[in-house]
Each structure stands twice: as C-alpha cells, then as structure tokens.
Amino acid sequence: MSVFGIVLFLFLGGLAFWLLTFLLGFAVPYWVTLGIFEKMRPKRILEDNEE
C-alpha cells in the first residue's frame, strides 16, 4: 500500500509541476501582454453606440 502512496504522490507532484510550468511559461506572459496592450490603447471618452 505504501507503493501506491508514493506513486500517487509522484503523480500529483508531476501534475502540479506541469501546471506551474504552463502557467509561468504561457498564461502569465499572455495575461501581462494583454494588460500592456490594454494600457497602451488610447481611451475613448465617449463610446460610440451606433449598432
């Protein structure tokens, strides 16, 4: 039974490692880039609602 615990621990640790790798490698830079582009975009004082 202790082998199952060790395997489960290593499996969950691997999942956590790959999730953090994905977040730090793609999701966070994507989020920061979108924030930078949003700040650089000129603001409109009055939005045109001609739909």
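Above: the structure in question.
Right, let's walk through the structure included here. If you're wondering where the values come from, they're calculated on a predicted model, not measured in any experiment. (Residues numbered from 1 in each chain as written. Predicted model: local features only at pLDDT ≥ 70, side-chain atom pairs only at ≥ 80, totals over all residues. Heavy atoms only, no water.)

## A short note on the overall build of the chain
Within the chain, the secondary structure is distributed over one helix and zero strands. Every one of the 51 residues in the chain was classed for burial, and the buried ones make up 0%. As displayed, the chain offers around 5400 Å² of accessible surface, 74% of which is attributable to carbon and sulfur atoms. (Helix = DSSP H or I, 4+ residues; strand = E, 2+ residues; numbered from the N terminus. Buried < 20%, exposed > 50% of the residue type's maximum accessible area, 1.4 Å probe, protein only. Areas by Shrake-Rupley, 256 points an atom, 1.4 Å probe, with all protein chains shown as cover.)

## Digging into the packing of aromatic side chains
Under the criterion given, the structure shown has three aromatic pairs. When the ring of Phe-17 is compared with that of Trp-18, the centres are 5.0 Å apart and the planes differ by 70°; the resulting orientation is edge-to-face. Look at Phe-17 and you get partly exposed, because its relative accessible area is 48%. Here the aromatic cluster, defined as three or more aromatic residues joined through ring pairs, consists of Phe-22, Phe-26 and Tyr-30. (Phe/Tyr/Trp six-rings, centres within 6.5 Å; stacked < 30°, edge-to-face > 60°.)

## Looking at helix H1 (residues 2-40)
Look at H1: 55 Å from first C-alpha to last across 39 residues, which is about the 57 Å you get at 1.5 Å a residue. The axis of H1 is deflected most strongly, by about 40°, at Leu-23. (Expected span 1.5 Å × (residues − 1). Bend = angle between axes of the 7 residues up to and from the residue.)

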